Amino acid sequence: MNTLDTKIRVLILRLLVEGNSIRATTRIADVSKNTVTKLLEDAGKACAAYHDEHVRGVKASHVQADEIWSFCYAKERNVETAKAAPADAGDIWTWTAMDRDSKLMISYTVGDRSAATAREFMFDLADRLASRVQLTTDGHGAYLKAVADAFSGDVDYAMLIKQYGDPTGTKGHERKYSPAECTGAIKEPIFGKPDMAQVGTSHVERQNLTMRMGMRRFTRLTNAFSKKAENHAYAVALHFMHYNFCRTHKTLRMTPAMAAGLVSSPWEIEDLVALVEAAQPAPKKRGPYKPRKKDNSN
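None of these values were measured; they are calculated from a predicted model. Within any chain, residue numbers begin from 1 and follow the written order of that chain's sequence. Reporting in this predicted model follows two pLDDT cut-offs: at least 70 for local features of residues, and 80 or more for side-chain atom pairs to be given and counted; totals over whole chains, interfaces and linings ignore these cut-offs and use all residues. To get the side-chain values, take all heavy atoms of the structure and skip hydrogens and water.

Caption draft 1: Representation of the overall build of the protein chain. Runs of H or I in DSSP of at least four residues are treated as helices and runs of E of at least two as strands, each being numbered from the N terminus. The secondary structure content of the protein chain amounts to ten helices and six strands. Here the term buried applies to any residue with accessible area under 20% of the maximum for its type, exposed to any over 50%, and partly exposed to those in between, with areas from a 1.4 Å probe on protein chains only. Out of the 298 residues belonging to the protein chain, those deemed buried represent 44%. With an accessible surface of roughly 17000 Å², the protein chain has 50% of that area assigned to carbon and sulfur atoms. Here the open area of atoms and residues is found with the Shrake-Rupley method and a 1.4 Å probe, where only the protein chains shown may cover a residue.

Caption draft 2: Summary view of the pattern of salt bridges. Here a salt bridge means any side-chain nitrogen of Lys or Arg lying within 4 Å of a carboxyl oxygen belonging to Asp or Glu. According to the stated counting rule, one finds 14 salt bridges in the structure shown. One salt bridge in this structure joins Asp-52 and Arg-128, with 2.9 Å as the shortest N-O distance. Linking Asp-52 in helix H3 (residues 33-54) with Arg-128 in helix H4 (residues 115-128), this pair joins segments that are 76 residues apart in sequence. By relative accessible area, Arg-128 is classed as buried at 3%. With a shortest N-O distance of 3.3 Å, Asp-101 and Arg-100 are connected by a salt bridge. Taken together, the shared-partner salt bridges connect Asp-52, Arg-56, Asp-124, Asp-127 and Arg-128 into one network.

Caption draft 3: The packing of aromatic side chains, seen in detail. Here a pair means two rings of Phe, Tyr or Trp (six-membered ring of Trp) with centres within 6.5 Å. Their orientation is stacked below 30 degrees between planes, edge-to-face above 60, and tilted elsewhere. Using the criterion set out here, one finds nine aromatic pairs in the structure. Centre to centre, the rings of Trp-95 and Phe-121 are 5.8 Å apart; their planes meet at 50 degrees, and the pair counts as tilted. Highlighted residues: Trp-95 in strand E2 (residues 90-99) and Phe-121 in helix H4, separated in sequence by 26 residues. Overall, Phe-121 belongs to the buried group, its relative accessible area being 0%. Note on Phe-245 and Trp-267: the rings are 5.0 Å apart at their centroids and 45 degrees apart in plane angle, and the pair reads as tilted. A residue pair is termed long-range when its members are at least 10 positions apart, and Phe-245 in helix H8 (residues 229-245) and Trp-267 in the loop between helix H9 (256-259) and helix H10 (269-279) qualify at 22 residues. A relative accessible area of 15% places Trp-267 in the buried class. A ring has a charge above it when a Lys NZ or an Arg CZ is no more than 6 Å from the ring centre and no more than 35 degrees off the ring normal. Here the guanidinium or amino end of Arg-113 rests over the ring plane of Trp-93, the centre of that ring lying 4.7 Å away.

Caption draft 4: Up close: the sheet that holds strand E5 (residues 156-165). Across the sheet, which stays open at both edges, the six strands sit in the order E3-E2-E1-E4-E5-E6 with mixed pairing between neighbours. Unpaired on one side and paired on the other, strand E3 (105-111) and strand E6 (181-191) mark the two borders of the sheet. For this sheet, the mean inter-axis angle between neighbouring strands, taken without regard to orientation, is 20 degrees. Whether two residues touch is decided by their heavy atoms; if any such pair falls within 4.5 Å, the residues are in contact. Lines fitted to the C-alpha atoms define the axes, with helices restricted to the stretch that makes contact. Angles between their N-to-C directions range from 0 to 180 degrees. Contacting strand E1 (62-72), E2, E3 and E5, helix H7 (residues 202-214) crosses the sheet at an angle of about 35 degrees to E1. Note on pairing: two strands pair once DSSP finds at least 2 bridges between them.

Caption draft 5: Molecular detail of unusual backbone geometry. Here Lys-103, not a glycine, exhibits a phi torsion of approximately 65 degrees, which is positive. Here Lys-103 lies in the loop between E2 and E3. Phi at Leu-221 takes a positive value of approximately 60 degrees, unusual for a residue other than glycine. The exposed category is assigned to Leu-221, whose relative accessible area is 64%.

Caption draft 6: Local environment of H3. Under the convention used throughout, the expected extent of a helix is 1.5 Å for every residue step, that is, one less than its residue count. End to end, H3 covers 31 Å across 22 residues, agreeing with the expected 32 Å (1.5 Å per residue, within 8%). Among all positions of H3, only Val-36, Leu-39, Leu-40, Asp-42, Ala-43, Gly-44, Ala-46, Cys-47, Tyr-50 and His-51 are buried. The secondary structure elements touched by the buried residues of H3 are helix H1 (6-17), helix H2 (22-29), E3, H4, H8 and H10.

Caption draft 7: Molecular detail of the pairing of E3. Among the seven residues of E3, six are classified as buried, and the element is accordingly described as predominantly covered. With six bridges connecting them, E2 and E3 associate as antiparallel partners. Note that in E3 the partner of Thr-94 across the bridge is Val-110.

Caption draft 8: Region of interest: the packing of H4 against helix H5 (residues 142-151). Across the interface, H4 lies against H5 with an axial gap of 8 Å and an inter-helix angle of 35 degrees. Pair H4 / H5 crosses with right-handed handedness. Taken together, the residues of H5 that come into contact with H4 (itself represented by Ala-115, Ala-118, Arg-119, Phe-121, Met-122, Phe-123, Leu-125 and Ala-126) are Ala-142, Tyr-143, Ala-146, Val-147, Asp-149, Ala-150 and Phe-151. Residue type decides the class: Asp, Glu, Lys and Arg count as charged, Ala, Val, Leu, Ile, Met, Phe, Trp, Tyr, Cys and Pro as nonpolar, and the leftover types, Gly among them, as polar. Of the residues in the contact of H4 with H5, the class split is 13 nonpolar, no polar and two charged. Whether a crossing is left-handed or right-handed is set by the direction in which the near helix is turned from the far one by less than a right angle, anticlockwise for left-handed and clockwise for right-handed.

Caption draft 9: Structural view of the environment of Trp-69. Relative to the assigned elements, Trp-69 resides in strand E1. Those residues in contact with Trp-69, other than ones at most four positions away along the chain, are Lys-75, Asp-91, Ile-92, Trp-93, Arg-212, Phe-218 and Arg-220. Contacts described as polar in this section are N or O atom pairs within 3.5 Å, which, within protein, must combine one atom able to donate a hydrogen with one able to accept it, while residues neighboring in sequence count only if both atoms come from side chains. A distance of 3.2 Å separates a polar atom in the side chain of Trp-69 from a polar atom in the side chain of Asp-91.

Written out as structure tokens, the structure reads:
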């Protein structure tokens, strides 16, 4: 069986985590599209498994949560008229929860923006924390019951509700590609006794920019969107593994995993490749050689 050279695997993963698209990666690494996609799938599975097992018992004080939008195959409004759209086509949301101090991405969930996904996300977050934290989210209503059920009141929780508008009255093409301007924000305590001076979501919102720059499929107004929801989830898992363990944070001067006490030194891309190789099944032993019988009928 042909196996991809380790150096080529390192190159492919390095290109992907630095924001290159699948096709750009194939051109630079001089490999096929199927090779890149298969490695992304294997790496995504390995990274998700490692994160699930090892990013636990996180000692955090302030956690910020947010959701970031993207889409699979077609935007939600275009799914009905799209040709051969798969069942999971449409808007896709990535829910993220970050430790404000270490910048560690503690938990993430890929799905829709429903209450069911919010519940899954919050239960996963609560299970990874070592102690009571102060939690801040935006004003999305699905958080209310999800946080209450997941933490059972053992959390200091507040919402930062932003108000948007168009104070300049600008309309038309000038506004077509820009979001509405934030005109104000309201801080609301929900559970426990949150320190209102510490309520904010700016750090996790800055992470949204890191995601859009680090994963080509998140870049707006391009044709590099995800065609399959599974590949979207694999790319997210690879991105956060690299972000947590490999990428040195400019302000902290160490990786988020080091700042959170999960590891003592930064990882390299080679370590991610080692995860992939370790997760692959061992090659099967060949059976005994059976010589072909000669056909003496002629």
